[in-house]
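Below are the chains, spelled out letter by letter.
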Amino acid sequence: MDRPLLDVRDLQKHFPVGGALFGKTRGVVKAVDGISFTIKSGETLGLVGESGCGKTTTSKLVLAAEEPTAGTIEFEGRNIAELSRADLQDYRRKVQVVFQDPYSSLSPRMRVGDIIAEPMKAHEALSSAEVRARVTELLELVGLRPDAARLFPHEFSGGQRQRLAIARALSTKARLVVLDEPVSALDVSIRAHIITLLEDIQARLGVSYLFIAHDLAAVAHVSQQTAVMYLGKLVEVADSLELCASPLHPYTKALFAASLPSHPDEPREEIVLSGEVPSALNPPRGCSFHPRCPFVMPRCSEQAPGLSEVSPGRRVACHLYN
Amino acid sequence: MAPLLRVSDLRTYYFGFRGTRVVKAVDGVSFSVEAGETFGLVGESGCGKTTTCHSIVRLLAPSARIVSGSIELEGEDLVKKSQAEMRRIRGRRIASILQDPMASLDPLFSIYDQVAEPAYYHQALRGQTLRQRVKELLAAVRIPSPERRMKDFPHQLSGGMRQRVVGAIAQAGSPRIIIADEPTTNLDVTIQLQYLNLLKELQRATSVALIFVTHNLGIVAKMCDKVAVMYAGKIVEMQSVRGLFYRSRHPYTKALLDSIPKLGVKERLYGIPGQPPDLSALPAGCSFHPRCQQVMDRCRIEEPWQHDLNGDGNVRCWLPIDEETAGRG
């Protein structure tokens, strides 16, 4: 039985809100409220949800940029909260990130070669010849010419910049790359390139991805497993193809109904959610989705459903299924 | 009968310092929109979609100029109008919904003031009638408890609500055409669906024409009747929405359709090689030829003209138009 690369259990992150210095806090935002998932080596987990659902907080927790309020993150079998300083640094080497906007995530004052080399210089003692050789290799890996190393980011288009960001993320031989909306800022014809590039890199290097996006079709395309998040909680986790074939949770169904058709006559189940995502500061009692749910039952407003397995590898948090 | 809006051979160029650099953002664009119709304008960033829209409402940047062509709204050429005359047209006969609602709303004025403004100026409504009209407009875009919300300021509303308010403002002057430039890009998917459905409903109720500018082919499939695909300042293909999705003729359109992931399908995506061209230094011949999979010698030298597709639109491509090349769906 192979152990997952990343094992997240009951992860929580609460932020206190309000209250000036020394003042009393007015409440807590449960940005991430007890989520569990695993990522296997060489696989991709897609995380979908609308803005404010806690996707980005989750990514920060995985990147060890935020400390969880409760819960554990195990990487290669070790709890990252218990790592020594040196081991934590090694964890940060192995877990890298690519951000949404390649215009703000690359320093305009650094040459591309230096941008890509920076993480490996921080983590490894390499000679300058070794650094140069690896930068060339990385540029080739992401489909850019080696002489790009001498240029500045402004000389590249959005798609090329995102390739640079990917090269930087891979420069320290990362085992897991957190991709936080990596294609949302790009043009359609460029998106396909980046998605196929990410898929090719995974096939070649066996790296794992945590792919965060709000575009269900793109997430399902890239990832083996898809997790759907709503107000800090996972509402459904399933194999991506199974999820597309038969979404179970009403929120997942609504997301599919809201995803745009690929041709004008595509049949669509019309589930139009009323209202908007409630404030995370004051989430509804019971199931947090119940005020918008078209299948709401009396039970839903009283008791929050847990995420339970309905078939092998498929977990749903909804009273309709347990 | 003449169409509601007819744009003929529109050319809008941006001129650099002392005319040293000329960017042909819109270069010979023609299309027409009928009342009650939804016309989609699709293309990647920098292809000239937004400049086309700004030309129609004559709100171009100082460096841009309409070089030639005409924009006829109900038979009147808007290119010949003065800005004073345009002020009476904008908001009353043509309205716009832009991408970022926070940028179109003034943070210092209440929702009531902003929704009332077009009705105040264009329809000379005052007092209780005006108030009633604002309430109706807000109710039409499904703002809950409009009476109370009217007093709010933009920062008190969520993104989806703000965009609804912009929709209400667009409706306020009872325009014949609404130009919606990527109106849902900043919205979440479930809110996007609500908003698109809302626009459709408003259109059914008022038979206003919609020009939908987007790079999202899914929105086109959902919303539009007729679609034009723009590339490097030109319309490369224009068809009915079904024609475009099932019988697309231009290699660029086909490539765009193949580059979007489809739900539950894992097949490899097709990425268009290369970059969109620099509009101030376009390649010779067909602008798309450096990225085209079916490029021929002729494409490198001669720019393709517009070929008619028996009554259902047109295409700019040298590839022969026959049923074999159009085998899709």
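We now examine the overall build of chain A. In terms of regular secondary structure, chain A is built from nine helices and twelve strands. The C-alpha atoms of chain A give 21 Å as radius of gyration, which agrees with the globular expectation for 322 residues (20 Å, within 12%). Taking all 322 residues of chain A together, the buried fraction comes to 47%. By sequence separation, contacts in chain A at least 24 residues apart represent 64% of the contacts at least 6 residues apart.

Residues and elements named next belong to chain A. Within the secondary structure layout, A117 lies in helix α3 (residues 112–123). In sequence terms A117 and L138 are 21 residues apart; their C-alpha atoms lie 9.9 Å from each other. Excluding residues that lie within four positions of it along the chain, A117 makes contacts with V131, V135 and S171.

All right, on to the sheet that holds strand β1 (residues 6–17) of chain A then. All names here are of chain A. Taken together, four strands build an open sheet; the order of strands is β2-β1-β4-β5 and the sheet is antiparallel. Sheet topology places β2 (27–39) and β5 (78–79) at the edges, where each strand pairs with a single neighbour. Direction of pairing for strand β4 (residues 70–75) relative to β5: antiparallel, over a ladder of two bridges. Opposite E74, over in β5, you have N79 as the bridge partner. Those strands touched by helix α1 (residues 55–62) are β1, β2 and β4, and its axis lies near 65 degrees from that of β2.

Below, the discussion takes up the interface of chain A and chain B. Often, the extent of an interface is quoted as the loss of accessible area upon association of its parts. If you look at the interface, chain A gives 32 residues, while chain B gives 36 residues. Every element with two or more residues in the side of chain A that touches chain B is listed here: α6 (188–205), α7 (216–222), α8 (240–245) and α9 (250–258) of chain A. Sorting elements by how many residues they give to the side of chain A that touches chain B places α6 of chain A first, with seven residues. In the side of chain A that touches chain B, the residues fall into 18 nonpolar, ten polar and four charged.

Residue and element names in this part refer to chain A. The strand order across the open sheet formed by eight strands is β6-β7-β8-β3-β9-β10-β12-β11, and the pairing between neighbours is mixed. Each edge of the open sheet carries a strand with a single partner, namely β6 (95–98) and β11 (308–311). Each neighbouring strand pair of the sheet contributes to a mean axis angle of 25 degrees, computed without reference to strand direction. Alignment of strand β10 (residues 233–239) against strand β12 (residues 314–316), held across two bridges, turns out to be antiparallel. Bridge assignment links E236 to a residue of β12, and that residue is V316. Of the strands in this sheet, β6 and β7 (176–180) are in contact with helix α5 (residues 158–170), which crosses β6 at around 175 degrees.

Turning our eyes to something else, we now look at the domain arrangement of chain B. All names here are of chain B. Each assigned domain of chain B is listed with its residue range as follows: domain 1 (5–224) and domain 2 (230–316). Inter-centroid distance (C-alpha atoms) of domain 1 to domain 2 is 27 Å. With 22 residues of domain 1 at the contact, the number on the domain 2 side is 15 residues. Broken down by secondary-structure element, the contributors of at least two residues to the side of domain 1 that touches domain 2 are β2 (22–33), β3 (38–42) and α9 (217–223). At nine residues, β2 tops the list of elements feeding residues into the side of domain 1 that touches domain 2. When its residues are assigned to classes, the side of domain 1 that touches domain 2 shows 13 nonpolar, four polar and five charged.

Two elements in contact, α9 of chain A and helix α8 (residues 189–206) of chain B, have axes whose closest approach is 9 Å; the angle formed by their N-to-C orientations is 50 degrees. Here α9 of chain A is positioned oblique relative to α8 of chain B, judged by the angle of their axes. Crossing handedness for the pair α9 of chain A and α8 of chain B: left-handed. Taken together, the residues of α8 of chain B that come into contact with α9 of chain A (itself represented by A254, L255 and A258 of chain A) are V189, T190, Q192 and L193 of chain B.

Looking now at helix α4 (residues 128–141) of chain A. Residue and element names in this part refer to chain A. With 14 residues, α4 ought to run about 20 Å at 1.5 Å a step, and its terminal C-alpha atoms sit 20 Å apart, in line with that. Tucked inside the fold, the buried residues of α4 contact α3 and α5. Of the residues flanking the end of α4, it is G143, one or two places downstream, whose phi is positive at about 80 degrees.

Looking now at unusual backbone geometry. Residues and elements named next belong to chain B. Despite not being glycine, S174 shows a phi value in the positive range, around 45 degrees. In this structure, S174 sits in the loop between α7 (159–172) and β7 (177–181). S174 sits in the partly exposed class, given 16 other C-beta atoms within 10 Å. Unusually for a residue other than glycine, A232 sits at a positive phi of about 50 degrees.

Moving on, we get to the environment of K135 of chain B. All names here are of chain B. Within the secondary structure, K135 sits in helix α5 (residues 127–140). Note: C-alpha distance between K135 and Q156 (21 residues apart in sequence) is 18 Å. Other than its neighbours up to four places away in sequence, K135 contacts P146 and E147.

It is worth spelling out α9 of chain A at this point. Of all nine residues making up α9 of chain A, seven are buried, and the element is well covered by its neighbours. When α9 of chain A is considered as a whole, its buried residues turn out to be P250, Y251, T252, A254, L255, F256 and A258 of chain A. Considering only its buried residues, α9 of chain A is in contact with β3 (44–48), α7, β9 (225–230), β10 and α8 of chain A together with α8 of chain B.

Reading the values: rules and limits
Residues numbered from 1 in each chain as written. Chains lettered and ligands numbered in written order. Predicted model: local features only at pLDDT ≥ 70, side-chain atom pairs only at ≥ 80, totals over all residues. Helix = DSSP H or I, 4+ residues; strand = E, 2+ residues; numbered from the N terminus. Rg over C-alpha atoms; globule rule 2.2 N^0.38 Å. Buried ≥ 20, exposed ≤ 12 C-beta atoms within 10 Å, placed from the backbone. Contact = placed C-beta atoms within 7 Å. Pairing = 2+ DSSP bridges. Axes fitted to C-alpha atoms, helices over the stretch in contact; angles between N-to-C directions. Nonpolar A, V, L, I, M, F, W, Y, C, P; charged D, E, K, R; others polar. Domains from an automatic or database assignment. Parallel < 35°, antiparallel > 145°, perpendicular 65-115°, else oblique. Left-handed = near helix turned anticlockwise from the far one by under 90°. Expected span 1.5 Å × (residues − 1).

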